[in-house]
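Summary of the model geometry
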Amino acid sequence: MTIQQIQIYLNERSLTAASGTFLHELKQQQCPDADLLIVNGYPCLNDQILADQDRIVMIRRGVPPDPQELEALMMARHTPGVHARVKNARIGIAGAGGLGSAIAIALTRTGVGFIRIADFDVVEPSNLNRQQYFIDQIGLPKVDALRTNLQRINPLVSIDVFYGKITAKNLKELFTDVDILVEAFDAADQKAILANTFLREFPGKYLVAASGMAGYEPGNTIRTQKINEHFYLCGDNMTSAGPGCGLMAPRVGIAAHHQANAVLRLILGEDPAAKG
Amino acid sequence: MRILVNGNEQQMTDHTNIAALLEMVGVNPEQVVTEHNGDIISPERYGAIHLNEGDTIELIQFVGGG
């Protein structure tokens, strides 16, 4: 039996083609400027006949996809329904250090619609051991450097930044229009002030905080804990940063991604601290 | 009197408050979130909130790093 028509996916969009269509034929019809053709995950140097259900990506090297195409590419990577909910979410991140910069990147890649990041610091050389900045960004305010990096990943995400200290006073104004706040500070007393203030000011919003991620203890001791309906805590609750126990990229990254995953699960109506 | 602190029984003298409890268990009041019977207590009220027999206290202590 021969199939008259085949269904294929070109740049994540469904397309019907005549059975026996060649790859280069499709390129001429759809993306004549493309210089890289990927079929089912493998770059193709030679022409070939396309098969039903093939997934084809055509890229023009160095040229970013237009926003509409990018949105289609991102949507295709999500379970139906997830993309829309994630896109409507509004998230605040207090602190743009090792935790905050990694959380912001994870949420940007996930396609969160709006992220507000607040931090008072500038990028220093010692930050590069764990924070998501580059050597040529040393000296820049972290929020500006981070916004640049996030826009390079996903320009569809709306990024708002505040360069300054978060205080008990301005916190209410800063995060009144977010659904979930991520605490990503460094100092224990600042973490406590933020948690105490936010939880009392915004009893209906969620707080995802972190405590204990220094050193190179096992990654498995870092977990997500439910403190109450609106308050989740990620980390090992113990390992503080100090002389002989510095902050390092792997464990800080594990804690940061526990926080990012807790945010994603809250957006999707799942319990962040559910047992596997 | 007895109260529950993070799920563990703690023997306390009567007429005590949250500030005294934190000192007794060695918790820095500037690095903690305190839940008293399910309510988060503002740090400036730690000296004013008196504890009663059977009260439940959850202490969420932060350590530095991020």
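Scope of this entry: the structure provided in the associated data block. Not measured: the values here are computed from a predicted model.

**Details of the environment of A:Cys44**
Residues and elements named next belong to chain A. In this structure, Cys-44 sits in the loop between strand S4 (42-43) and strand S5 (55-59). Cys-44 sits 40 residues away from Gln-4 along the chain, and the two C-alpha atoms are 24 Å apart. Discounting chain neighbours no more than four positions away, the residues touching Cys-44 are Leu-23, Leu-37 and Val-39.

**Details of the packing of aromatic side chains**
Residue and element names in this part refer to chain A. Inspection of every chain in the model, using the stated rule, returns one aromatic pair over all chains. Judged by centre distance (5.2 Å) and plane angle (45°), the ring pair of Phe-198 and Phe-202 falls under tilted. In this structure, Phe-198 and Phe-202 share a single accessibility class: buried. One Lys or Arg, Arg-55, reaches over the ring of Tyr-9 and ends 4.3 Å from the middle of that ring.

**Here we look at the interface of chain B and chain A**
Across the contact, 18 residues belong to chain B and 29 residues belong to chain A. When chain B packs against chain A, close to 1700 Å² is buried across both sides, 62% of that on carbon and sulfur atoms. On the chain B side of the contact with chain A, B:Phe62, B:Val63 and B:Gly66 bury the most area, a combined 38% of that side's loss. There are zero salt bridges connecting chain B and chain A. Between the two partners, chain B and chain A, sit eight residue pairs in polar contact (both at pLDDT 80 or more). Those elements giving two or more residues to the side of chain B that touches chain A turn out to be strand S3 (32-36), strand S4 (39-41) and strand S5 (56-61) of chain B.

**With respect to the sheet that holds strand S2 (residues 13-18) of chain A**
Two modes of strand pairing occur in sheets, parallel and antiparallel, and in both the strands are linked by backbone hydrogen bonds. All names here are of chain A. The strand order S2-S1-S5-S3-S4 describes an open sheet built from five strands, whose pairing is mixed. Of all the strands in the sheet, the pair left with one neighbour each is S2 and S4. As paired strands, strand S3 (residues 36-39) and S5 are joined by four bridges and run antiparallel to one another. Looking at S5, one finds that Leu-36 is bridged to Ile-59. Here helix H1 (residues 23-30) sits on the sheet in contact with strand S1 (5-10), S2, S3 and S5, set at roughly 55° to S5.

Definitions and limits used
- Residues numbered from 1 in each chain as written.
- Chains lettered and ligands numbered in written order.
- Predicted model: local features only at pLDDT ≥ 70, side-chain atom pairs only at ≥ 80, totals over all residues.
- Heavy atoms only, no water.
- Helix = DSSP H or I, 4+ residues; strand = E, 2+ residues; numbered from the N terminus.
- Contact = heavy atoms within 4.5 Å.
- Phe/Tyr/Trp six-rings, centres within 6.5 Å; stacked < 30°, edge-to-face > 60°.
- Buried < 20%, exposed > 50% of the residue type's maximum accessible area, 1.4 Å probe, protein only.
- Lys NZ or Arg CZ within 6 Å of the ring centre and 35° of its normal.
- Buried area = accessible area lost by both parts, 1.4 Å probe.
- Salt bridge = Lys/Arg side-chain N within 4 Å of Asp/Glu carboxyl O.
- Polar contact = N/O pair within 3.5 Å; in protein donor to acceptor, adjacent residues only side chain to side chain.
- Pairing = 2+ DSSP bridges.
- Axes fitted to C-alpha atoms, helices over the stretch in contact; angles between N-to-C directions.

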